[in-house]
Amino acid sequence: MTIASFSDYVPLSDLWRIVLVCLVVAVIAPTAAAVAINSYGAREGAVAGRRVALDAGVAFGVLVLLALAGVGIYTLAK
Amino acid sequence: MPDLGMVVIVVATALLFDYTNGFHDTANAMATTIATRALPPRIAVGLASVLNFAGAFISVAVAATIANGIVNQDAVTVQIIFAGLVGAILWNVLTWYFGIPSSSSHALVGGVVGSMIAGAGSSEVIWNGIATKVVIPAVLAPFVCGGAAYLATRLSYGLTARTEGEARTAGFRLGQIGSSSLVALAHGTNDAQKTMGVVVLTLIAGGRLSADAGVPTWVKVTCATAIALGTFSGGWRVIKTLGMRVTEIQSAQGFSAETSSSATILASSYFGFSLSTTQVVSGGVMGSGLGRRGGVVHWNVVGQMVIAWILTLPCAGLMGAVAEEATDALGNSTGAVIVVALIALALAGSLFVLARRDHVGADNVVADEPRPVRPAPAPA
């Protein structure tokens with residue numbers, strides 16, 4: 001009964017989508033940041049071959065974060 | 001039809017509200033960035049200012065919706081808009097004086113509702129719309145963003161536990177600058193549009209613009225400029241509360257709080273919910289405070305914020321109603337509007353003067369807050 005009344009005011013399906021988006025971003029963003037940070041932190045003292053992989057890790061993490069920002073700006077404009 | 005002088009004064013009042021909106025809400029984007037020293041205070045508010053200005057031009061899709069669904073727009077007069085703006089400005093300045101991050105949008109809604117009740121009666125208020133657009137989002141926003149920030153903070157610390165401190169701090173600081181910038185951009189888009197809507201409504205109600213004319217370019221430019229100037233002036237008292245007093249923020253927490261805030265604001269906008277940026281970011285800061293092991297949230301400060309959030313609608317409404325009654329009592333003329341505007345300016349100005357006694361600015365906003373000392377446990 002309470003749920004029925006609440007849904008009169010707020011479309012619950014949209015609310016769950018918002019929560020889902022927030023949780024997905026809350027997982028992806030720190031994970032991407034952690035990949036970049038851990039890769040960058042491990043670069044010092046790494047051998048040349050491994051350094052390339054670590055650079056790729058930094059680039060991957062940064063690109064994921066930039067992509068998230070790009071989606072955000074697109075949403076804003078839309 | 002109101003004369004041009006009255007329309008000009010009301011438009012100027014709307015721009016003044018936009019300015020207070022900017023300086024009151026600078027904290028939303030930059031409080032955590034300043035607190036973690038990711039950027040120096042002046043640079044941070046400068047960046048937020050530029051992004052608020054740019055954000056105002058991204059979209060005008062919701063420019064005419066501030067009163068839509070809240071009050072009967074056919075009953076809106078220029079005087080009612082003016083009185084509503086006065087209520088919102090005074091509440092913004094009062095909460096700024098006490099350093100409380102409260103919602104400027106809710107203040108505007110409260111002011112307009114109060115002046116509408118005083119000027120046209122409560123039957124012209126759409127109470128269902130207030131529940132849908134203000135009350136329920138206000139309750140949900142801190143929890144949605146707070147939950148996301150909690151999760152993001154746990155992950156941020158957990159996934160970088162093996163990386164030495166400096167690389168982690170610097171990395172999260174960079175990420176924090178990006179996520180804070182997104183919040184500033186979203187704030188410019190959402191909040192500048194609200195003032196654009198008020199100005200357009202004033203011009204239409206004042207017979208200076210046809211209802212289907214859209215938002216004139218000069219309105220976009222002046223609203224963008226007002227919110228950018230307000231942002232640049234920096235609401236340091238609110239920044240201090242949100243960045244320093246709610247919880248002690250480290251860069252990973254700042255990154256998590258601002259990322260979660262931007263996700264919540266943008267997702268809710270996309271699905272048509274109008275959330276308060278202030279409440280979203282406050283929820284994010286609290287969530288990040290709880291997410292760090294050993295992190296402490298100062299619930300007494302949170303309690304003050306929540307009380308202010310509850311009081312925003314009725315208090316801004318009361319101030320709007322008083323302004324409407326005063327304008328009405330003075331004859332609803334241009335002169336009456338000028339007198340009420342001057343009284344409101346004097347009240348706001350006196351708070352600025354009082355605030356100078358307890359100066360908070362770019363130079364001391366990140367000064368260490370005294371922490372309550374816990375008494376040592378008594379020996380057994």
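Before reading further, recall that the structure is shown in the block above.
Everything numeric in this text was worked out from a predicted model, so none of it was measured.

Trainee: Give me the lowdown on the overall build of chain B, citing residues and values where you can.
Mentor: Secondary structure summary: chain B contains twelve helices and zero strands in total. C-alpha extents for chain B along the principal axes are approximately 75 × 45 × 40 Å. Here chain B, with 380 residues, has 59% of them falling under the buried criterion. Counting contacts in chain B only where the partners sit at least 6 residues apart, residues at least 24 apart contribute 87% of the total. A total accessible area of about 14,600 Å² is found for chain B, and carbon and sulfur atoms account for 65% of it. Looking at charge distribution, chain B has the averaged site of its 19 positive side-chain charges lying 14 Å from that of its 18 negative ones.

Trainee: Give me the lowdown on the layout of surface pockets, citing residues and values where you can.
Mentor: Of the volumes computed, that of the largest pocket is approximately 860 Å³. Lining the largest pocket we find 37 residues, and of these Leu65, Leu66, Leu68 and Ala69 of chain A together with Phe255 of chain B sit closest to its centre. Among the elements of the structure, α2 (12-43) and α3 (48-77) of chain A together with α6 (165-205) and α9 (251-270) of chain B are those that each provide at least two residues to the lining of the largest pocket. It is α6 of chain B that contributes the most residues to the lining of the largest pocket, eleven residues altogether. Classifying every residue of the lining of the largest pocket by side-chain character gives 28 nonpolar, nine polar and no charged.

What counts, and where the lines are drawn
Position numbers for residues count from 1 along each chain, tracking the sequence in the order it is written. Here the convention is simple: chains get letters from A, ligands get numbers from 1, in the order in which they are written. The predicted origin of the model limits local features to residues at a pLDDT of at least 70 and limits the giving and counting of side-chain atom pairs to 80 or more, whereas totals for whole chains, interfaces and linings rest on all residues. Calculation of side-chain values draws on the structure's entire complement of heavy atoms; hydrogens and water are dropped beforehand. By definition, any uninterrupted DSSP run of H or I lasting at least four residues is a helix, any uninterrupted run of E lasting at least two residues is a strand, and each is numbered from the N terminus. Remark: exposure states derive from per-residue accessible area (1.4 Å probe, protein chains only) relative to the maximum for the residue type, with buried under 20%, exposed over 50%, and partly exposed in between. What makes two residues a contact is simply this: any of their non-hydrogen atoms within 4.5 Å. In these tables, accessible area is a Shrake-Rupley quantity obtained with a 1.4 Å probe, and a residue counts as shielded only by the protein chains included in the view. This count recognises Lys and Arg as positive and Asp and Glu as negative, with His and chain-terminal groups excluded. The location of each charge is read from NZ of Lys, CZ of Arg, CG of Asp or CD of Glu. Cavity means a closed set of points on a 1 Å grid over the protein atoms alone, one where a 1.4 Å probe fits but cannot get out, pocket means an open set with protein on both sides within 12 Å along at least 5 of 7 lines, and lining means a residue has an atom within 4 Å of a point. Grid points are joined across faces, edges and corners, and a volume is the space filled by probe spheres set on the points. Under the grouping applied here, Gly and all other residues not named as nonpolar or charged are polar, the nonpolar ones being Ala, Val, Leu, Ile, Met, Phe, Trp, Tyr, Cys and Pro and the charged ones Asp, Glu, Lys and Arg.

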